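Architecture and fold: a report
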Amino acid sequence: MGAEAGTDTPWGGPEAPSTAELLTQLGEDRLWLLRQLDSGRWSEWRLDLAALERELGQLIDQAGERL
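Residues numbered from 1 in each chain as written. Predicted model: local features only at pLDDT ≥ 70, side-chain atom pairs only at ≥ 80, totals over all residues. Heavy atoms only, no water.

Things to note about the overall build of the protein chain
Short version of the rule: Helix and strand assignments come from DSSP, with helices taken as H or I runs of at least 4 residues and strands as E runs of at least 2, each series counted from the N terminus. A 1.4 Å probe rolled over the protein chains alone gives each residue an accessible area, and that area as a share of the maximum for its type sets the label: buried under 20%, exposed over 50%, partly exposed in between. In what follows, a contact means two residues having at least one pair of non-hydrogen atoms within 4.5 Å. Note on areas: Shrake-Rupley with a 1.4 Å probe; residue coverage comes only from the protein chains shown.
Scanning the protein chain from N- to C-terminus turns up 2 helices and 0 strands. The buried share of the protein chain, taken over its 67 residues, is 16%. Look at the contacts in the protein chain between residues 6 or more apart in sequence, and 40% of them connect residues 24 or more apart. Of the roughly 5,600 Å² that the protein chain leaves accessible, carbon and sulfur atoms contribute 54%.

Right under this line is the structure:
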């Protein structure tokens, strides 16, 4: 036991989410970012954020394949 008993995680509960749950949340966050970019938000950062969104998608896919 490395962590102190009863210490909450940043996710609001005493237990960390599973890898599958994290990948699901990352996928949802990626889609939210993509929708924001498609709607014209952050136009000055669009190219950089779109590149990061693509990289995030690739990482999520690779991590999902390793589950």
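Quick notes on the side chain of Gln36
How we decide: N or O atoms closer than or at 3.5 Å make up a polar contact, with two conditions inside protein: a donor-capable atom paired with an acceptor-capable one, and, for residues adjacent in sequence, both atoms drawn from side chains.
Mapped onto the elements, Gln36 comes out in helix H1 (residues 19-38). At 3.0 Å, the side chain of Gln36 forms a polar contact with the side chain of Arg41. When residues no more than four places from it in sequence are discounted, the contact partners of Gln36 are Arg41 and Trp42.

Some points on the confidence of the model for the protein chain
For the record, the criterion: Known as pLDDT, the predictor's confidence for each residue is given on a scale from 0 to 100.
Of all residues in the protein chain, 81% attain a pLDDT of 70 or more, and the chain-wide mean is 85. This stretch, residues 1-6, has a pLDDT under 50; its non-local contacts, to residues over four places away or in other chains, come to 0 contacts.

Here's the deal with the environment of Leu26
Tracing the backbone shows Leu26 in helix H1. Leu26 sits in the partly exposed class, given a relative accessible area of 36%. Expressed as a C-alpha distance, the spacing of Leu26 and Leu56, which sit 30 residues apart in the sequence, is 8.3 Å. Leave out the neighbours within four places in its chain, and Leu26 touches Leu56 and Ile60.

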